[in-house]
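Secondary and tertiary structure notes
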Amino acid sequence: MYKQIEANKTKTVALIALFLVFITGLGWVLSYVYDNPLILWVAAAVSIVQAWVSYYYSDKVALAVSGAQKLEGNERREVQRIVENLAITAGVPMPELYIIDDTAPNAFATGRDPQHASIAVTRGLLDKLDRTELEGVLAHEMSHITNYDIRLTTVVVILVGIIALASDWFMRSLWWGGHRRRDDDNQGNGSGYLMLIGIVLAILAPLAATLIQLAISRKREFLADASGALLTRYPEGLASALEKIAADKEPLEVANKATAHLYFENPLKDYSGKINALFSTHPPVEERIKALRSML
């Protein structure tokens, strides 16, 4: 378990480092082409403001969009006992509990830190899983909270926003003819090549940034699986839950592309094939199950 956790932490750090190098390279090219270092600063400022709003209010938006309501009654008592034990084991406060009135089995965690966290489960999850499987799923979601995955997601959103805004600004300025290169008055000296590189980067950068973002998301799912198994000391419970949820073909009606990455298992159901899997927010279920059972 510890090896799996350490490996996924290392891969996540490597992906973020790649992200930062990618942004720096894009910024250098655009700043050189326009001889204006303020390009990336403006894009960063706008992205940070947007991320600040998301950081403090995205959990409320996600719960509202998903139709989540406070968990009450007998269902609350059953879930609360499990989550309380997991919270004590993890050494974090008890999160708020919500239920989504949907028969498809799934769950998600949201909130900016363990002090402001919530876990939402679907009615289908409570009806279709046994206790050990339910505990495995809740431990996975608790791990997203204790690992500060929501905070990491916010940081990545800032980086993606910087790239998207800089690329959009660059392409619009080319379209309207408002660009002025550093070497316009010096017969080029390679500035034409830099302009070409800038155009290619501006076109491909948002796609590359999205792929890196999704790769980070997939690594965090592996990490939450390993951390969740560590909390329960029973990887098989989580592996069994994954098998049961993956086999359930009922769609989660309240899910959409904006919230799909939050859920325990992709509610939109993953694509098939290696190329399409690059655009998935979750790793293949088979790989998650294999990793969990390798911990036994």
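The structure reproduced in this document is the subject of the present report.

Conventions used here
Residues numbered from 1 in each chain as written. Predicted model: local features only at pLDDT ≥ 70, side-chain atom pairs only at ≥ 80, totals over all residues. Heavy atoms only, no water. Pairing = 2+ DSSP bridges. Helix = DSSP H or I, 4+ residues; strand = E, 2+ residues; numbered from the N terminus. Axes fitted to C-alpha atoms, helices over the stretch in contact; angles between N-to-C directions. Parallel < 35°, antiparallel > 145°, perpendicular 65-115°, else oblique. Contact = heavy atoms within 4.5 Å. Buried < 20%, exposed > 50% of the residue type's maximum accessible area, 1.4 Å probe, protein only. Lys, Arg positive; Asp, Glu negative; His and termini not counted. Salt bridge = Lys/Arg side-chain N within 4 Å of Asp/Glu carboxyl O. Polar contact = N/O pair within 3.5 Å; in protein donor to acceptor, adjacent residues only side chain to side chain. Arc of directions from axis to C-beta.

The next point concerns the sheet that holds strand E3 (residues 107-111). Read across the sheet, four strands follow the order E1-E2-E4-E3 without closing on themselves; strand pairing throughout is mixed. If you trace the sheet from one side to the other, it starts and ends with strand E1 (68-70) and E3, each paired once. The average undirected angle you get between the axes of adjacent strands in this sheet is 30°. By the bridge criterion, five bridges tie strand E2 (residues 96-100) to strand E4 (residues 117-122) in an arrangement that is parallel. Following the sheet pairing, Glu96 is matched in E4 by Ser118.

Before going further, it helps to spend a moment on the packing of helix H5 (residues 131-146) against helix H8 (residues 235-247). Orientation of H5 relative to H8, taken along the N-to-C sense of each, is 95°, at an axis distance of 7 Å. In this view, H5 runs roughly perpendicular relative to H8, as classed from their interaxial angle. Where H5 approaches H8, its residues Thr132, Glu133, Gly136, Val137 and His140 are matched on the opposing element by Gly237, Leu238, Ser240, Ala241, Lys244 and Ile245.

The topology assignment puts Arg112 in the loop between E3 and E4. Buried within the structure, Arg112 lacks any salt-bridge partner; Asp113 is the closest side chain of opposite charge, at an N-O distance of 4.2 Å. A distance of 3.4 Å separates polar atoms of two side chains, one belonging to Arg112 and the other to His116. With residues near it in sequence (within four places) discarded, Arg112 still touches Tyr55, Tyr56, Tyr148, Ile150 and Arg151.

Inspection of helix H10 (residues 285-293) places Val285, Arg288, Ile289, Ala291 and Leu292 among the buried residues, and these make up the whole buried set. Buried residues in H10, looked at end-on, bunch into an arc of 160°, giving them a common side. Exposed residues pointing more than 90 degrees away from the buried face of H10 are listed as Glu286 and Lys290.

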